[in-house]
Amino acid sequence: MKTETRSEQFHPPSVIGNILRKLHIDIPLFIGLFLISLLSFIILYSAGSQDMDILVRQAARVGLAFFLMTILAHVDPYQFKRYSALLFGLGLLLLVAVLVLGQFGKGAQRWLDLGIFRFQPSEMIKITTPMMIAWYLAEHALPPKPKQLLIAGILIIIPTLLIAKQPDLGTSLLVASSGAGVLFFAGLSWRFILAIGATLTGLTPILWHFMRTYQRDRVLTFLNPEADPLGRGYHIIQSKIAIGSGGIYGKGWLGSTQSELDFLPESSTDFIFAVFAEEFGLFGCIGLLALYLLIISRCLYIASQAQDTYSRLLAGSLAFTFFVYVFVNIGMVIGVLPVVGVPLPLISYGGTSIVTLLSGFGILMSIHTHKKFLPH
Amino acid sequence: MSRIYTIKNKLVESRLFLNRIIAAFIVISLLTSGLIVRLVYLQIVGHEHYASLAKDNSIKIEPLVPTRGIIYDRNGKVLADNTQSFSLELIPEQIKNIDDTLLRLQKLLDISDEKIDQFQKQRKRQKRFVSTPLLMSMSDQEIAKFAVVRPYFPGVDIQARLVRHYPYTDLASHVVGYVGRINEAEMKSLPIAEYRGSSHVGKIGIENSYESELHGKTGYAEIETNVQGRAINTVNSVLPVAGKNLYLTLDIDLQKTAYDALDTFNGAVVAIDIKSGGVLVFASRPGFDPNPFVIGISNDAYQALQSSDNQPLFNRALRGLYPPGSTLKPFIALAGLEYNAISVDHKTFCPGYYQLPNVSHHYRDWKRGGHGSVNMTDAITQSCDVYFYSLALTLGIDRMHDFLQYFGFGEKSGIDLTGEKQGLLPSREWKRNRRNQAWYPGETLITGIGQGFLQITPIQLARATATLANKGEVVTPFLVKKPVDPDATGSDTENPQENLELKPENIDSIISSMVNVIHGARGTAKSIGKDINYQIAGKTGTAQVFSIKQDAKYNENDIDFKLRDHALFISFAPADDPKIAVAVVMENGGHGGSVAAPIAGKVIKQFLGSNNEN
């Protein structure tokens, strides 16, 4: 068993490195996140019609998110474990509050207005759900027994349904996969995974029954975008045109004609990958995917080096959820998955997801930089 | 033992976890490769195809707006159609300095600031290359003025658009309604795909309640455009399907007769074809000109309509609430007969007032000195209040409530217009729930003569009258002939669904009493019964707007016009084979017999007269 400490693994020569280490910052992860944030500004400048206001607002959010990440990296992972259940319960309570308050408002209600800023409990639940499941499973021997699986399953389903009811299909999908990620790393048997996959496929008609009209529209549009080229299919058709016209080398920065001429809707938010693909081409796309893959690999490495079950499960799940983010967003933009409202992590315009994501990375850094020597 | 187990377990766990990390990495790599394969497919294999769509010439999908259906009356007269109108439109994308352009246009064509604001609002909601109207229905002069300087205004052009037009203006404004610009709330509730390119939506009346039929199905064209977004060539298109034309049961000539007859009074006239339920007249006076609403009514004009004392925007026939007054009496008498509370020959002595046992309050009859001894026919013919006070007390509020409900009082008539008011048919329960009070016998009395809490709409009154004339077969009023089809001439039969199963002899004696109201020597509306070869059945009514003190005397000339009684009249004809039922409500009209009855008389005579000729 490895017992090396952090300082033995890395020897950054600079003063900055020393400061970062004092801050409990994981340098490879930090570099990856920093690069991708930089890329975000570059592409946002182009996608947002070169509007500096957008960049300034985004910069404020990213700054806040990095700050929060640093703070969380400082916290001992033991504290996360200790407050897992409490935080999860609090998150659920806030979710219910949003739903109840939403009854009085109009339509979709995701926000809780706290006066100074608006808070989205579904974002918090994205992190507290894997914390809760990891905490619960870590209390027992792994792999989990059927009874523990059942309880864990229920714990995942409750927030998932509450968020789906808001309705926010994208977020509920991410919450469910963060919980499922924990179960996977906890050693859920492959046979069981296959069985669940089969059951879910069987449940599709029932799920269909409970979907809202616009959610059904999205699925139908995904299956046949040409059926409604003016309405729902418009996004997918236009985004494919943008991506395909980019070719291998792309049209160059600020060279996208599709988003410039307003053909591509939501080009700064959910569909920003289409702008990226149009301007930077296949090479750019592969580069971006490689950068994402590097970040995910580093996260998985951190998980593999974690010292206790709770930290491993949580770290693994956070890495996995990050990938789901990337996969679902890019999948929908290139037309292999239905359109659900999931932003491209760390690149799309919009604050809440960036804050949540970097909080997750803060926890990962905390896990990696608070190692204790194990007795042999 | 347990310690060893735990340690061993930790090792197993650790190995298991490492396996999972590796598995996860493999799955993630595979899925990422999947994404890359798809990207290769789009960006290398499909590149030429997509590049040709996007590069020099881009395919733009433009909605093709369907033509809105035309609304006709029962004789094919046009109530709403689409006329060509010229509007000044701007394409923001092609204008360098939009504020300056607007300023110059404003000077040139004398455009109001309000219209500029409206344009700015709409512009923000639309894409930059969408042509947005600034000035609608331009005059020939304006067109000429702009044509001269057109070269100095790139991105500004005159466009021909179809604009909704209502030839009968105020006459049918409340039935036909109007279309107006789609507002932000409607933007959210309308099906987006169907309304791409549509700027207007039905706001009230038939235009609103049959919006989906009238609108039609939006088509689209794939248009090749150059880099500036200007159309070069249409590649492919799916044509729009025009909205369906609607044929109403309304007779616009009859409507005009009724509307004109209301003259300077505010009020409503509703006439129903009894056999089908088709509404022949649905007049609410005053009306308003719906045409300005289509092109965007100015704030001042709208405020003027809103704040007018006569409330021209208020659909009295559908939403006006009035006490039915004495027009309720035939229904109460019928209830008395059906519940065996009275016989036709039962007599009540009317001294000019009625007193509840042990109560000093005098419930007055409209006729000072009273009607003497009256039977049912006398009571209806002369509208004796005392007879009905007495009958109401015998029936009790519960039975009256139930019976009146069968005729649709206090219920929406179900006419195919949105926004109908329900009115109020009071009951013991209602008073307990809403006012937390017990029901008093005095309230039963005044309900018996159509006063008190009772509030009904003119369409309800007409429907109840039609149901009565139809001998208890419930009539459901409607305005649009079914089936809704562009080339259907339309059969307007919509069979009555429900029969109240009233005894024929009871109905007959009520009808003959109502005939007496018009053709009897002492009838309250005998003025309209002359010079016709058939009989009209009717009942006058006067609804109190304010109550007079016990010892005071109501004098029409002494009180303010707005506090004068409402005049009502219900009727149907011919009495032996009823075809048309008419209800008239005239606000502050005074006595029903003298002002309201002649209006119904004109409508009936015109309808039956023209029908006889056919």
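Here the structure is a predicted model, which means the values were calculated and not measured. (Residues numbered from 1 in each chain as written. Chains lettered and ligands numbered in written order. Predicted model: local features only at pLDDT ≥ 70, side-chain atom pairs only at ≥ 80, totals over all residues.)

## Some words on the overall build of chain A
At step 1: A tally of helices and strands in chain A yields 15 helices and two strands.
At step 2: For chain A, with 376 residues in total, the buried portion stands at 49%.
At step 3: Look at the contacts in chain A between residues 6 or more apart in sequence, and 72% of them connect residues 24 or more apart. (Helix = DSSP H or I, 4+ residues; strand = E, 2+ residues; numbered from the N terminus. Buried ≥ 20, exposed ≤ 12 C-beta atoms within 10 Å, placed from the backbone. Contact = placed C-beta atoms within 7 Å.)

## As for the nonpolar core
At step 1: Ranked by internal contacts, the top residues of the largest apolar core, which has 122 residues, are Val269(B), Val270(B), Ala271(B), Leu479(B), Val582(B), Val584(B) and Val603(B).
At step 2: There are two domains that each give this core at least three residues, and those are domain 2 (61–247) and domain 3 (252–613) of chain B.
At step 3: Aside from chain neighbours lying at most four places away, what touches Leu479(B) is Val175(B), Ile206(B), Leu248(B), Thr249(B), Leu250(B), Val279(B), Phe282(B), Ile415(B), Asp416(B) and Leu417(B).
At step 4: Core analysis: the next-biggest nonpolar cluster, separate from the first, contains 111 residues, Leu29(A), Tyr292(A), Leu313(A) and Leu314(A) among them. (Core = buried A, V, L, I, M, F, W, Y, C linked by C-beta atoms within 7 Å. Domains from an automatic or database assignment.)

## A word on the sheet that holds strand β12 (residues 279–285) of chain B
Whether parallel or antiparallel, the strands of a sheet pair through hydrogen bonds between backbone atoms.
All names here are of chain B.
At step 1: The antiparallel open sheet is built from five strands, whose spatial order is β12-β11-β19-β18-β17. The open sheet is flanked by β12 and β17 (537–543), the only strands paired with a single partner. Taking the axes of each pair of neighbouring strands and ignoring which way they run, one obtains an average angle of 5° across the sheet. (Pairing = 2+ DSSP bridges. Axes fitted to C-alpha atoms, helices over the stretch in contact; angles between N-to-C directions.)

## Considerations on the environment of Asp263(B)
All names here are of chain B.
At step 1: With respect to the helices, strands and loops of the structure, Asp 263 is situated in the loop between α11 (252–262) and β11 (267–273).
At step 2: With 11 C-beta atoms counted inside 10 Å, the residue Asp 263 sits in the exposed group.
At step 3: Distance from Asp 263 to Arg 285, taken between C-alpha atoms, is 8.5 Å for residues 22 residues apart in sequence.

## Some thoughts on the interface of chain A and chain B
At step 1: Facing the 45 residues of chain A at the interface are 40 residues of chain B.
At step 2: No other element matches helix α13 (residues 272–305) of chain A, which puts 11 residues into the side of chain A that touches chain B.

## Things to note about helix α14 (residues 309–333) of chain A
Residue and element names in this part refer to chain A.
At step 1: The first and last C-alpha atoms of α14 sit 36 Å apart over 25 residues, in line with the 36 Å expected at 1.5 Å per residue.
At step 2: Here α14 lies mainly inside the structure; 25 of its 25 residues are buried.
At step 3: Of the residues trailing α14, Gly 335 is marked for its positive phi of about 80°. (Expected span 1.5 Å × (residues − 1).)

## A word on the environment of Gly350(A)
All names here are of chain A.
At step 1: Inspection of the secondary structure puts Gly 350 in the loop between α14 and α15 (351–369).
At step 2: Judged by the 14 C-beta atoms lying within 10 Å of it, Gly 350 is partly exposed.
At step 3: In this structure, Gly 350 is in contact with Thr 269 and Pro 343, ignoring residues within four places of it in sequence.

## Focus: the packing of helix α3 (residues 27–47) of chain A against α13(A)
Residues and elements named next belong to chain A.
At step 1: Close contact between α3 and α13 brings their axes to 10 Å; oriented N to C, the two are set at 165°. Taken together, the axes of α3 and α13 lie roughly antiparallel to each other. For α3 against α13, the interelement crossing comes out left-handed. In contact with Pro 28, Leu 29, Gly 32, Leu 33, Leu 35, Ile 36, Ile 43, Ser 46 and Ala 47 of α3, α13 contributes Ile 272, Val 275, Phe 276, Glu 279, Leu 291, Leu 294, Ile 295 and Arg 298.
At step 2: Looking at the contact of α3 with α13 residue by residue, the class counts come to 13 nonpolar, two polar and two charged. (Parallel < 35°, antiparallel > 145°, perpendicular 65-115°, else oblique. Left-handed = near helix turned anticlockwise from the far one by under 90°. Nonpolar A, V, L, I, M, F, W, Y, C, P; charged D, E, K, R; others polar.)

## Concerning the pairing of strand β3 (residues 78–90) of chain B
The two faces of a sheet get side chains in turn, since along a regular strand they alternate between them.
All names here are of chain B.
At step 1: The sheet contact formed by strand β2 (residues 71–72) and β3 spans two bridges and is antiparallel. Bridge pairing links Ile 71 to Ala 80 in β3.
At step 2: Hairpin connection between β2 and β3: a loop of five residues separates the two successive antiparallel strands, and Gly 76 in this loop has a positive phi of roughly 85°.
At step 3: Pairing between β3 and strand β5 (residues 156–165): 10 bridges, direction antiparallel. In the strand pairing of β5, Glu 89 is matched with Asp 157.
At step 4: Relative to strand β4 (residues 132–135), β3 runs antiparallel, the two sharing three bridges. Residue Leu 88 lies in a different strand from β4, and its bridge partner there is Leu 135.

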